[in-house]
Amino acid sequence: MDVKGLQAGSHNTQINHYAAAPPPLAWPLLVGRAPLRADAFQPRGALVAVSSPVLVGDGGTGKTQLAAALFEQARADGTDLAVWVTASSRTATLTGYADAAGALRLATGDVERAAAAFLTWLANTDKTWIVVLDDVADPADPADLRGLWPAGPTGRLVLTTRRRDAALRSRGTVIDVGVFTPAESAAYLTAKLDRADPDAATLAADLGHLPLALAQAAALIVDDALTCAEYRALFADRTSRLADLFPNATGDDYDHELAATWSLAADRADALAPTGLARPMLLLAATLDPNGIPEAVLTAPRPAPTSAAPRPTPARPSATCTASAWSHTTQPTHSDRCGCMPWPSALR
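As the structure is a prediction and not an experimental result, all values here were calculated from the model. (Residues numbered from 1 in each chain as written. Predicted model: local features only at pLDDT ≥ 70, side-chain atom pairs only at ≥ 80, totals over all residues. Heavy atoms only, no water.)

**So, the environment of arginine 44**
Tracing the chain through its elements places arginine 44 in the loop between β3 (29-31) and β4 (53-56). Distance in space between the C-alpha atoms of arginine 44 and leucine 66 is 7.7 Å, their sequence separation being 22 residues. Setting aside residues no more than four positions away along its own chain, arginine 44 makes contact with Thr61, Leu66, Val177, Gly178, Val179, Phe180, Glu184 and Pro211. At 3.2 Å, the side chain of arginine 44 forms a polar contact with the backbone oxygen of threonine 61. A polar contact is formed between the side chain of arginine 44 and the backbone oxygen of glycine 178, at a distance of 3.4 Å. (Helix = DSSP H or I, 4+ residues; strand = E, 2+ residues; numbered from the N terminus. Contact = heavy atoms within 4.5 Å. Polar contact = N/O pair within 3.5 Å; in protein donor to acceptor, adjacent residues only side chain to side chain.)

This is the structure we're talking about:
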């Protein structure tokens with residue numbers, strides 16, 4: 001048995017202290033956590049034969065879900081090391097790499113040094129590996145991920161991003177992740193609703209076949225026992241009202257559809273017990289990391305009151321306001337228009 005020891009003593013008395021070597025690594029290893037697979041997940045056949053895909057698309061198209069499916073399939077196939085990294089910033093990427101280095105017992109302490117040790121290990125190991133860099137913010141910016149791209153003969157790199165920079169093509173096969181096809185939308189709604197609805201195809205078209213909008217709509221239809229036709233009427237009314245509130249809103253191609261489905265879902269959540277809690281919670285969540293919020297942030301006990309003067313309570317959204325915090329495209333003058341609470345700075 002390999003041991004490391006310390007010997008201490010004087011004259012004829014000697015004390016030996018031995019520390020056993022740590023047990024060998026238990027393969028396979030998992031570092032990070034991929035999101036759970038969505039209900040009625042729709043696989044995209046084009047990904048099956050791609051070794052290192054770069055999944056590019058607007059928000060809500062399902063890039064992360066597709067990456068998670070590849071990640072879990074690699075694990076099921078026996079890949080030795082699977083690492084999921086939120087890559088929305090250089091700091092977040094370094095932290096993910098340092099976690100992996102720690103799991104591999106390569107280095108601890110300095111994050112930059114640990115990340116470098118992890119990348120060196122990937123380049124030289126005979127173990128199979130997959131690394132997912134989710135939500136890469138700007139791969140063309142050398143200040144972001146310079147020197148942090150994983151590479152090695154036994155590994156596989158998967159990226160998700162909204163960017164479409166030419167620099168991405170050197171990282172893998174660029175795959176444009178768009179909205180569902182009509183067939184995928186129909187399959188999704190049929191599975192989610194657990195029934196065929198004659199207006200499902202029309203509803204999917206109203207929502208632009210956007211996966212996230214379909215998910216939000218299907219949840220409300222199921223929870224409130226609506227038909228697709230009834231939801232279409234609610235959606236049309238909400239879309240019209242939002243267009244009146246924000247005539248010049250810009251953003252991703254499907255922001256208006258998401259705004260309406262999100263607003264309807266938020267209304268439903270706000271009506272559940274304890275009533276009125278959903279929107280404030282969503283406003284709080286909107287100021288935090290979209291890739292993961294520590295559970296303690298939402299469950300920790302209320303801190304003890306301080307001697308500081310109490311802050312004024314912001315006005316609750318007015319009864320006519322249907323758009324609170326619905327999108328990063330919301331104009332900062334929204335509170336002036338309908339009297340609801342001011343927007344957090346992260347939404348402006």
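**Topic: the packing of helix α8 (residues 228-245) against helix α9 (residues 255-271)**
Put simply, α8 and α9 touch, their axes get as near as 9 Å, and they point 110° apart. Looking at the two axes, α8 sits roughly perpendicular to α9. Seen along the crossing, α8 lies across α9 with a hand that is right-handed. Of the residues in α9, those in contact with Tyr231, Leu234, Phe235, Arg238, Thr239 and Leu242 of α8 are Glu257, Ala259, Ala260, Thr261, Ser263, Leu264 and Asp267. Here the contact of α8 with α9 is composed, by residue class, of seven nonpolar, three polar and three charged. (Axes fitted to C-alpha atoms, helices over the stretch in contact; angles between N-to-C directions. Parallel < 35°, antiparallel > 145°, perpendicular 65-115°, else oblique. Left-handed = near helix turned anticlockwise from the far one by under 90°. Nonpolar A, V, L, I, M, F, W, Y, C, P; charged D, E, K, R; others polar.)

**A look at the pattern of salt bridges**
Considering all chains together, one arrives at 10 salt bridges under this definition. Across the pair aspartate 224 and arginine 268 runs a salt bridge, and its minimum N-O distance is 2.3 Å. Highlighted residues: aspartate 224 in the loop between α7 (211-223) and α8 and arginine 268 in helix α9, separated in sequence by 44 residues. Under the relative-accessibility criterion, aspartate 224 is labelled partly exposed at 31%. Overall, arginine 268 belongs to the partly exposed group, its relative accessible area being 24%. (Salt bridge = Lys/Arg side-chain N within 4 Å of Asp/Glu carboxyl O. Buried < 20%, exposed > 50% of the residue type's maximum accessible area, 1.4 Å probe, protein only.)

**Description of the packing of aromatic side chains**
Within a pair of aromatic rings, the relevant descriptors are the distance that separates the centres and the angle that separates the planes. This model, assessed by the stated rule, comprises four aromatic pairs. Note on phenylalanine 71 and tryptophan 84: the rings are 5.4 Å apart at their centroids and 80° apart in plane angle, and the pair reads as edge-to-face. Of the two residues, phenylalanine 71 is situated in helix α1 (residues 63-76) and tryptophan 84 in strand β5 (residues 81-86); the sequence distance between them amounts to 13 residues. Grouping residues by exposure puts phenylalanine 71 and tryptophan 84 together as buried. (Phe/Tyr/Trp six-rings, centres within 6.5 Å; stacked < 30°, edge-to-face > 60°.)

That's the geometry; what it means functionally is another story.
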